[in-house]
Amino acid sequence: MNTIIIRPATAADLDRITQIYADAVSRGTASYELDPPSRDEMGARFDGLIEGGFPYLVAEQDGTVLGYAYAGAFRPRPAYRFIVEDSVYVAPEAQGMGVGLKLMRRLIDAVEAAGFRQIVAVIGDGRPDSPSVRLHEKLGFRHSGRLEGSGYKHGRWLDTVFMQLPLNGGASVPPDPKSLPERRFLGTRKGD
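Residues numbered from 1 in each chain as written. Predicted model: local features only at pLDDT ≥ 70, side-chain atom pairs only at ≥ 80, totals over all residues. Heavy atoms only, no water.

**Let's talk about the packing of helix H3 (residues 99-114) against helix H4 (residues 131-138)**
Part 1 of the reasoning: Put simply, H3 and H4 touch, their axes get as near as 10 Å, and they point 45° apart. Judged by the angle between their axes, H3 and H4 are oblique. For the element pair H3 and H4, the recorded crossing hand is right-handed. Mapping the contact onto sequence places Gly100, Leu101 and Met104 in H3 and Leu135, His136 and Lys138 in H4.
Part 2 of the reasoning: Counted by class, the contact of H3 with H4 contains three nonpolar, two polar and one charged residues. (Axes fitted to C-alpha atoms, helices over the stretch in contact; angles between N-to-C directions. Helix = DSSP H or I, 4+ residues; strand = E, 2+ residues; numbered from the N terminus. Parallel < 35°, antiparallel > 145°, perpendicular 65-115°, else oblique. Left-handed = near helix turned anticlockwise from the far one by under 90°. Contact = heavy atoms within 4.5 Å. Nonpolar A, V, L, I, M, F, W, Y, C, P; charged D, E, K, R; others polar.)

As structure tokens, this is what we get:
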């Protein structure tokens, strides 16, 4: 078995990304979507993240995409510009192989390099034994909140767990004017 490589996602990966997410939506509780989005919708989401300068990665082994992870804006309001929300999904046949951990380590590195200050995980079905909760704990994320009974899927109520990881000094130092979020913000304000 060959090594799992982590690389930037491309449009050529979208068919497989759509398949992986469709399984997560249909059978899982991590996403609160009830119907899997189409390939076109997944393409539009991908394009929006890439155009925004956000990292979008895939894990690949022997030419097959095993999982993907990306970071995107936590909320659209400009004061949130230093916070991103992560998403990570692994194909069923690749779960338990460390794919999610490899993806998240590289994603955290990319988010930190861009100058973001916080990465937030919004975890559906956030039971303490949830693989996503355990993964984020392993990576140093701390629990920062819980919305009880916030989703209803597969015949049961689900809690949403918030976890976060400070980066680049977090909230202890002023924004870096050279960071990606600040450069984008200042660039949009010049057009005002």
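So that's the structure; there's more coming.
**Considerations on the pattern of salt bridges**
Part 1 of the reasoning: According to the stated counting rule, one finds 12 salt bridges in the structure shown.
Part 2 of the reasoning: For Asp125, the salt bridge is made with Arg156, and the minimal N-O distance between the two is 2.7 Å. Separated by 31 residues along the polypeptide, Asp125 in the loop between strand E5 (118-124) and H4 and Arg156 in strand E7 (residues 156-166) bring together distant segments of the chain.
Part 3 of the reasoning: Close ionic contact of Asp129 with Arg127 constitutes a salt bridge, the shortest N to O distance being 2.9 Å. (Salt bridge = Lys/Arg side-chain N within 4 Å of Asp/Glu carboxyl O.)

**Section: the sheet that holds E5**
Part 1 of the reasoning: Read across the open sheet, the seven strands follow the order E1-E2-E3-E4-E5-E7-E6; overall the sheet is mixed. The outermost strands of the open sheet, each flanked by one partner alone, are strand E1 (5-8) and strand E6 (142-153). If you compare each strand with its neighbour and ignore which way they point, the axes differ by 25° on average.
Part 2 of the reasoning: The pairing of E1 with strand E2 (residues 56-61) spans four bridges and is classified as antiparallel. Residue pairing in the sheet places Ile5 in a bridge with Glu60 of E2. (Pairing = 2+ DSSP bridges.)

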